[in-house]
Structures are given as C-alpha cells and as structure tokens.
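# Geometric and topological summary
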Amino acid sequence: LAVFTRQFSVMIDAGLPLVQCIDILGEQQQNAFFKDVLRQVRQSVEEGSTLFAALEKHPKVFDNLYTHMVEAGETGGVLDLILQRLATLIEKVVKLKRSIVSASIYPAAVITVAIGAIAVIMIVVIPQFQQIFLGLLGPGEALPLPTRIVMGISGFIAGWGGLATLIILIGSGVAIKFYYATPKGKWQIDALLLKAPIFGSILRKVAVARFSRILSTLLSSGVPILQSLDITAKTAGNVIIEDAILKVRAGVERGENFVDPLKATNVFPHMVGQMIGVGEQTGALDAMLGKIADFYEEEVDTAIADLLGLMEPVLIAFLGVTIGSIVISMYLPLFSLIGKLSGGAK
C-alpha cells in the first residue's frame, strides 16, 4: 500500500489521467487480491465515481484515514500532495511496527530454542541417566537432592504433567484472546499493557508517535479537526488512547482549546501537552504535532535498542544458569561414584 501510494502520487504529479494511473498500477501488482481491488476502483472511477467514493467501497484495503485524506486532496485539488503525505505516513507507521516486531523476534527466538533444548534434555536425556544412577545405587543410598529434583521435574514433564501444562498454556492463550474481544477485556488488557514495566513505556511512546503523526498529516491535508480526531481515535490501536482522543474531541466540540482536555486525560506525557499548547497558540498545530511525532519515533527506536541490549545478557545468563544447573545435578552422582571408587582403590 505504501509503494502503491508513493507511485500513485508521482504519476498524478506527472499529469497522467486518474484512470490510467490506477490501470498501470493495477497491472503491476503481484498480489491478486489487491490487483482485483484496484480493477474495481478503476471501473468505479470510469463510471463517474469520485476516487474517494471508489476507495471507500474497499475498507479492508483503504481505511478511514486513507479515504478521508484522498477526499481532502480531491476537494482541494491537491491530490498529488496528499498522496505524497499519505505515502510518507504509511511508511513511517510501517517502520514503527517493524521496530516493535524486530524487538520481539530475538527474545522470542532465544526463549523458543531454550524451551526446546530443555524439553529434549528433560524428556530424552535425563531418563537415561536416571536408569544408570538407580542401577549404581547401593542399599540405603540416595541420590543427591539436586539430582532428585531434576529427575522429579523430568518425570513430570515426560508424563502427563507436561501435556497438561501445554494444554493449560494454550487454553489460557485462547481464553485471553476471546476475553480481549469483549469491550471490558479490551479495556482491562490495554490498560495493563500501558502500565507494564519497560514495555508499557515503549507502547505509550508508540501510541503518542502514531497519534501525533496521523493527526499532523490529517490537519496539514485540510481535514477538519473534529473529523481528524475521529479518524485518529479509530486508528489508535489501544482503547485507552482511543478514549482519551475522543474526550479531547468532545472538549474541542464544546468550544474548549485543544490542550486542556488533552492534559485532563492523564494519558499523554506532560511534554506533549506543552508542545501542543505552543502549536495551538502560534497557529502551527500540524507542524508541532509533526515535531512531536519525530521526537517520539526516535525515542521508540532508542528504547527498543536499549531493551535489546539489556535482554541479550539476561537471556544468556538465564540459559547458562538453567542448563548449567541441570548438567551439574546430573554430574553430582558421578562425582560421588568416582570418590567411592578412588577410596576403594586406596
């Protein structure tokens, strides 16, 4: 969508007719679904529909943000400029999402490998050691406590306990997903996410960056402020942030300034309220929102880099301690046996 929008803006700026632009871009698409959507959009425009109305028929591809910005561009006769801004916005949103995904890939991969390695050791390796150790024990002798603990955990995982744990984990994930689909569940989980240590701060910065970037783009494109706030709320991605934006909208609709209801929500950082207040007073609210978005996007990148730098040694230490403890507990009986053999030889 970002690439399509960027190419579309260049072609419109070059003076190509609208239908020809959509036709050329549609033929270039490799995604069959998107190609079919563009074919339908071209057909609607050929039949006399506006581009906004043609795009509005396909909400799964072109959301409210996209269609209303196109509407503003068509109305103001600056469709090429609006498409450029829209392409930039989509690219920045994609970059923001990619940063979050890249931050989660490394720890997820390490944890998955660690769980797999520990599961193999517990289910396959430990039972074989257990048979050897039990065969070497004399009357009245017992294995060291760490060894007995590891063997107990191994027996639990290899038996019905491991399957039961897996079922409980999967069931919990499904239950949370269904609960999140309810209004109450969405509210509670989104609130917990924003309050979570470390991750909550990053998610709040992401939300502020997204809010500022989208609202700045809409306002600079000529979309009315109340409509801009409506669209921004729907694309917030977090129900707590969405509710806060709607409260700001209600305040603006009552005739209040922008910054007072924003501060009253206690959701956005104090600095955001101050900068928006300055932007509102100077008549450059869209430009100030753009600067806020730039700042918080950099903050997100820095926070994610710091988080990855912190997680790497923590994960390595966790793996070393866990697997090292298992290995040592398995060697303790061998040390005892070697000590006995050495004593017997003397």
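Keep in mind the model is a prediction, meaning the values are calculated, not measured.

## Section: unusual backbone geometry
- Within the chain, N266 stands out as a residue other than glycine whose phi angle is a positive 60°.
- Structurally, the position occupied by N266 is in the loop between α13 (259-264) and α14 (270-282).
- What makes N266 exposed here is its relative accessible area of 68%.

## Observations regarding the nonpolar core
- Counting 38 residues, the largest nonpolar core has F211, F258, F268 and I276 as its most contacted members.
- Considering every element that reaches this core, the biggest residue donor is helix α15 (residues 285-345), with 10 residues.

## Quick word on a nonpolar patch on the surface
- There is a patch of nonpolar side chains on the surface, built from W160, L163, L166, I167, I170, V174 and F178 and spanning about 800 Å² of accessible area.
- Within the secondary structure, L166 is located in helix α8 (residues 160-180).
- In this structure L166 comes out as partly exposed when scored by relative accessible area, which is 47%.

## With respect to the pattern of salt bridges
- One pass over the structure, following the stated rule, counts 11 salt bridges.
- Where R6 meets E91, a salt bridge forms, and the shortest distance between an N and an O atom there is 2.9 Å. Highlighted residues: R6 in helix α1 (residues 2-13) and E91 in helix α6 (residues 79-136), separated in sequence by 85 residues.
- Here R6 falls in the partly exposed class, since its relative accessible area comes to 27%.
- It is possible to trace a salt-bridge network through shared partners that takes in R213, D294 and E297.

## Thoughts on α14
- For α14, spanning 13 residues, the distance from its first C-alpha to its last is 19 Å, which sits close to the expected 18 Å at 1.5 Å a residue.
- Directly after α14, the chain includes G283, whose backbone phi takes a positive value near 75°.

## Comments concerning the packing of aromatic side chains
- By the definition in use, this model includes 7 aromatic pairs.
- Relative to F8, the ring of F4 has its centre 5.4 Å away and its plane inclined at 35°; by these criteria the two rings are tilted. You can see F4 and its partner F8 sitting in helix α1, 4 residues apart, about one turn around the helix. With respect to class, F4 is no different from F8; both count as buried.
- Between F295 and Y296, the ring centres sit 5.1 Å apart and the planes meet at 90°, which makes this aromatic pair edge-to-face.
- Looking at Y296, the relative accessible area reads 6%, which means it is buried.
- Taken together, F4, F8, F34, F62 and Y66 form an aromatic cluster joined through their ring pairs.

## A short note on the confidence of the model for the protein chain
- Predicted confidence across the protein chain gives a mean pLDDT of 84, with 97% of residues reaching 70 or more.
- Averaged pLDDT values over the elements of the protein chain bottom out at 80 in helix α5 (residues 64-76) and peak at 91 in helix α3 (residues 32-46).

## Concerning the environment of C21
- The topology assignment puts C21 in helix α2 (residues 18-28).
- Judged by relative accessible area, which is 0%, C21 ranks as buried.

## Topic: the packing of helix α9 (residues 183-195) against helix α12 (residues 239-253)
- In the contact formed by α9 and α12, the axes pass within 8 Å of each other and the chain directions differ by 100°. The pairing of α9 with α12 is recorded here as roughly perpendicular in orientation. From α9, K186, W187, D190, A191 and L194 reach across to α12, where they touch V239, I240, I241 and D243.
- In terms of residue class, the contact of α9 with α12 is built from 6 nonpolar, no polar and 3 charged.

What counts as what
- Residues numbered from 1 in each chain as written.
- Predicted model: local features only at pLDDT ≥ 70, side-chain atom pairs only at ≥ 80, totals over all residues.
- Heavy atoms only, no water.
- Helix = DSSP H or I, 4+ residues; strand = E, 2+ residues; numbered from the N terminus.
- Buried < 20%, exposed > 50% of the residue type's maximum accessible area, 1.4 Å probe, protein only.
- Core = buried A, V, L, I, M, F, W, Y, C linked by side-chain atoms within 4.5 Å.
- Patch = residues over 30% accessible without salt bridge, like charges linked within 9 Å, V, L, I, M, F, W, Y side chains within 5 Å.
- Areas by Shrake-Rupley, 256 points an atom, 1.4 Å probe, with all protein chains shown as cover.
- Salt bridge = Lys/Arg side-chain N within 4 Å of Asp/Glu carboxyl O.
- Expected span 1.5 Å × (residues − 1).
- Phe/Tyr/Trp six-rings, centres within 6.5 Å; stacked < 30°, edge-to-face > 60°.
- pLDDT = per-residue confidence, 0-100.
- Axes fitted to C-alpha atoms, helices over the stretch in contact; angles between N-to-C directions.
- Parallel < 35°, antiparallel > 145°, perpendicular 65-115°, else oblique.
- Contact = heavy atoms within 4.5 Å.
- Nonpolar A, V, L, I, M, F, W, Y, C, P; charged D, E, K, R; others polar.

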